[in-house]
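Single-letter residue listing:
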Amino acid sequence: MPYLIDGSNLIGHMSSLELSDPRSKLRLVAQLQKFRIAKKTKIILVFDGPPDPDLVGKDFQKKEFAVLWPDREDSADTIIKQRIEKQTDLRHFYVVSSDREIKTFARMNRAKVLDCKDFHKLLKTALKEYKESQALEKEDTTLSRLQVDHWLEIFGAKDE
């Protein structure tokens, strides 16, 4: 299920990030990329203000994960509303924001709404799942000498 996320609004609801810290956007993006992998979903992240040079370019304009910035005369709210209106199937589309106007607009257009607090809980759970899956992938997969001999015997290479 795709998530359309009001990035600045979400940062404002996370105790580990601060709007005044320029690195918070980068940290949020890193967390959301892990969330996307863990949940096998798509994310559109919208921030207020001018584009962060570290968060523009091809890496942040992919189908599965995009970071959007408003034009100078617009706001993130404008982009979020436009994205909601463009969606053809809102039954499986989440809008993440605690902004009352955005939530009302999303509901009126039949999108599912997640408050930032609720999404933050989902994010923490997904990050834990991601960390555990990465630990499993890093487990030692080297074979013992006995296992190597066994496989060589099975494939007939031990006689050589």
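Please refer to the structure placed before this passage.
Criteria and thresholds
Residues numbered from 1 in each chain as written. Predicted model: local features only at pLDDT ≥ 70, side-chain atom pairs only at ≥ 80, totals over all residues. Heavy atoms only, no water. Patch = residues over 30% accessible without salt bridge, like charges linked within 9 Å, V, L, I, M, F, W, Y side chains within 5 Å. Areas by Shrake-Rupley, 256 points an atom, 1.4 Å probe, with all protein chains shown as cover. Salt bridge = Lys/Arg side-chain N within 4 Å of Asp/Glu carboxyl O. Helix = DSSP H or I, 4+ residues; strand = E, 2+ residues; numbered from the N terminus. Buried < 20%, exposed > 50% of the residue type's maximum accessible area, 1.4 Å probe, protein only.

Novice: I'm lost on a nonpolar patch on the surface in this one. Help?
Specialist: On the surface, a nonpolar cluster with roughly 370 Å² of combined accessible area is contributed by W151, I154 and F155. Along the chain, I154 falls in helix α6 (residues 145-154).

Novice: Got a minute to help me understand unusual backbone geometry in this structure?
Specialist: Negative phi values dominate among residues other than glycine, just as trans dominates among peptide bonds. Positive phi outside glycine occurs at K40, with the angle close to 50°. The residue K40 is located in the loop between α2 (23-39) and β2 (43-46) in this model. Of note, the phi angle at R110 is positive, near 70°, even though the residue is not glycine. By secondary structure assignment, the location of R110 is in the loop between α4 (100-108) and β5 (112-114). R110 gets classed as exposed once you look at its relative accessible area, which sits at 69%.

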